[in-house]
Every structure is written in structure tokens, then in C-alpha cells.
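What the coordinates show
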Amino acid sequence: MEDERESDRVVIMESKRVTLNQWQARYENYLRLTVSKHYLVKAAGALSKVFKRFPEKRYPEDFSRLDAEDYRIFREREVKATTVANELRCLRAFWNWLLENGGDQIPQYNPVSHVVRHKNLVEHRQPRYLSEAEQTALGFDLETTCLPAQVMLTTGRQASELPELTWREVESLVGPLGKALDEKVFPGRNAVSLRREIHIFLRKKGVERPPEALRWTWAVRALRGGASIEEVKERMGVRRLVL
């Protein structure tokens with residue numbers, strides 16, 4: 001009889017405790033009122049990945065620094081080190097919020113506070129521009145390949161500038177093309193669709209780089225061709241060149 005009462009007391013205490021998933025939901029409600037939607041989506045995604053990795057960790061006190069280290073090592077085998085760092089940053093912010101709002105239910109330490117990427121696993125940042133091999137893989141031909149990608153590579157324009165670009169501006173940069181000069185190069189197109197077309201084209205060619213790599217490649221070509229840094233910065237609309 002006494003054992004049954006003790007068991008009932010344990011069940012009642014368990015029902016009053018707040019699980020990690022419940023804390024996550026409260027944290028996301030807090031973020032909705034205080035941060036941008038972009039950060040909310042990023043933080044919610046990071047937390048979901050972490051807790052999915054450890055389904056047996058039901059309560060905050062179950063999660064330890066060793067678990068955070070295990071997650072870091074596990075994720076660094078799958079994604080870029082910078083992605084792991086961003087996910088750990090979101091997890092660290094969540095735990096700081098827990099420490100401020102969780103009361104005596106939360107252990108008074110942040111298990112993610114000293115978890116860092118191992119120096120040997122930090123990836124070197126790729127140059128922003130395409131390598132010679134990547135440029136060869138694209139095999140540009142204005143008549144048969146992706147025109148938005150070709151224009152970005154030959155003009156240094158951003159994808160957001162392409163919808164308003166006219167043939168006059170293109171010809172002033174690459175020479176006569178036999179087009180009506182005042183016509184837009186991409187009539188009726190918006191930046192999103194043009195960027196998507198470029199992205200798909202690069203993927204088909206086996207070049208795993210963002211569309212912006214094309215304009216940075218233009219910058220490298222221009223500098224090698226004798227253009228000054230100031231001229232390139234003005235054309236690209238940037239304050240500094242980090243290639």
C-alpha cells in the first residue's frame with residue numbers, strides 16, 4: 001500500500017515538471033514577440049534538430065555538456081562547421097533564456113556554454129569566386145546556356161539588379177549584341193525567378209556554389225584585366241572587396 005502511494009506521488013511530480021519540448025514551445029512564443037521571423041525559424045530549426053538527436057532527454061536536467069559535445073561532433077560529420085556553430089549559438093541562447101525563466105526547475109549552468117568547434121575541424125572558407133575548373137565546367141555559350149548566369153558573369157551585377165537591366169547596359173560592358181538597346185534583358189522576370197534559374201543551372205553543371213560567385217568571378221577577371229579596385233567596387237556596389 002505504501003509503495004502504491006509513493007508511486008502515485010512520483011507520477012504527480014512528473015506531471016508537474018516541464019519537459020524540454022514544452023520549454024522549447026514557450027521559448028518560441030517568446031521569440032515571436034522579440035525577434036525577427038528569420039531568427040525564429042533558424043532557432044526553432046536548430047533546437048528541433050538537437051532534441052530529435054536525443055529523444056530520451058525529456059527534461060532540462062537530463063541534458064549535459066557531454067550531450068552538447070556529442071551533438072557537435074555528430075553534426076560536423078554532416079554539415080559545414082559554420083552551420084554547426086550557428087546551431088550551437090541558438091542552443092546556447094535557449095539555455096540562457098531557460099536559466100532566466102525556468103526557476104528552480106533548471107540546473108544553474110549552461111551545458112552549451114563551453115562547447116566549441118575543434119580547431120582541426122574548422123573548414124577554410126572557399127574563395128567567393130569560381131575556380132578555373134568550375135568556370136570550365138560551366139562551359140558558357142551565350143546562345144545555348146543560362147542567360148541570367150552569363151549576364152552576371154560578364155557584368156558583375158547582382159541578381160536583384162537583373163530585372164531592370166537593359167541591353168544598352170549589357171552592350172556597354174560586353175560589346176555589340178544586335179539587340180534593341182532600350183529593351184529589358186529579362187522582361188517580366190523578377191529577381192527570385194532569375195536567381196533560382198541560375199542556381200539550378202549551377203547545380204546541373206556540378207558547381208555547388210551560390211549565384212553570387214558569378215559576380216565575384218567577374219571582379220577577379222576585371223582586376224586581372226587591369227581594372228582598379230575602386231572601379232570594381234563601384235561597379236559591384238560594395239565598400240570593400242573580400243575575394
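The structure we're discussing is the one just above.
Each value, and the rule that gives it
Residues numbered from 1 in each chain as written. Predicted model: local features only at pLDDT ≥ 70, side-chain atom pairs only at ≥ 80, totals over all residues. Heavy atoms only, no water. Helix = DSSP H or I, 4+ residues; strand = E, 2+ residues; numbered from the N terminus. Buried < 20%, exposed > 50% of the residue type's maximum accessible area, 1.4 Å probe, protein only. Contact = heavy atoms within 4.5 Å. Areas by Shrake-Rupley, 256 points an atom, 1.4 Å probe, with all protein chains shown as cover. Phe/Tyr/Trp six-rings, centres within 6.5 Å; stacked < 30°, edge-to-face > 60°. Lys NZ or Arg CZ within 6 Å of the ring centre and 35° of its normal. Salt bridge = Lys/Arg side-chain N within 4 Å of Asp/Glu carboxyl O. Axes fitted to C-alpha atoms, helices over the stretch in contact; angles between N-to-C directions. Parallel < 35°, antiparallel > 145°, perpendicular 65-115°, else oblique. Nonpolar A, V, L, I, M, F, W, Y, C, P; charged D, E, K, R; others polar. Core = buried A, V, L, I, M, F, W, Y, C linked by side-chain atoms within 4.5 Å.

1. Side note on the overall build of the chain
Looking only at helices and strands, one finds eleven helices and zero strands in the chain. Secondary structure of the chain in N-to-C order comes out as α-α-α-α-α-α-α-α-α-α-α. Per-residue burial for the chain yields a buried fraction of 36% across its 243 residues. When contacts within the chain are restricted to residue pairs at least 6 apart in sequence, long-range pairs at least 24 apart make up 58% of them. Just so you have it, the chain exposes about 15200 Å², and 51% of that area is on carbon and sulfur atoms.

2. Some thoughts on the packing of aromatic side chains
Summed over the entire model, instances satisfying the criterion amount to ten aromatic pairs. With 5.2 Å between their ring centres and 70° between their planes, Y27 and F94 make a pair best called edge-to-face. Remark: F94 occurs in helix α5 (residues 81-101) and Y27 occurs in helix α2 (residues 20-34); sequence separation between them is 67 residues. The exposure class assigned to Y27 is buried, which follows from its relative accessible area of 3%. Pairwise contacts between aromatic rings join W23, Y27, Y30, F51, F54, F63, F94, W95 and W97 into one cluster. Its end group placed over the ring of Y59, R17 keeps NZ or CZ at 3.7 Å from the ring centre. In this structure, R53 packs its charged tip against the face of F54, placed 6.0 Å from the ring centre.

3. Quick notes on the pattern of salt bridges
Using the criterion set out here, one finds 15 salt bridges in the structure. Linking K57 and D67 is a salt bridge whose minimum nitrogen-to-oxygen distance equals 3.3 Å. Here the residue K57 occupies a position in the loop between α3 (37-53) and α4 (65-76), and D67 occupies one in helix α4, the gap between them amounting to ten residues. By relative accessible area, which is 21% here, K57 ends up partly exposed. Connected through salt bridges with shared partners, the residues E69, R72 and E76 form a single ionic network.

4. Thoughts on the packing of α2 against α5
Taken N-terminus to C-terminus, the directions of α2 and α5 make an angle of 95°; their axes are 11 Å apart at the nearest point. Considering the angle they form, α2 stands roughly perpendicular to α5. Facing L20, W23, Q24, R26, Y27 and Y30 of α2, the residues of α5 in contact are A93, F94, W95, W97, L98 and N101. Per-class residue counts for the contact of α2 with α5 are nine nonpolar, two polar and one charged.

5. Structural notes on helix α7 (residues 147-155)
Summarising burial for α7: seven of the nine residues are buried, a large majority. The complete set of buried residues in α7 reads P148, A149, Q150, V151, M152, L153 and T155. Taken from the residues just after α7, G156 is the one with a positive phi, measuring 75°.

6. Re the nonpolar core
Counting residues in each nonpolar core, the largest one holds 26 residues, and the members touching the most others are F51, L91, F94 and W95. Secondary-structure elements contributing two or more residues to this core are α2, α3, α4 and α5. One finds L138, L162, F186 and F201 within the second-largest nonpolar core, a separate group that totals 21 residues.

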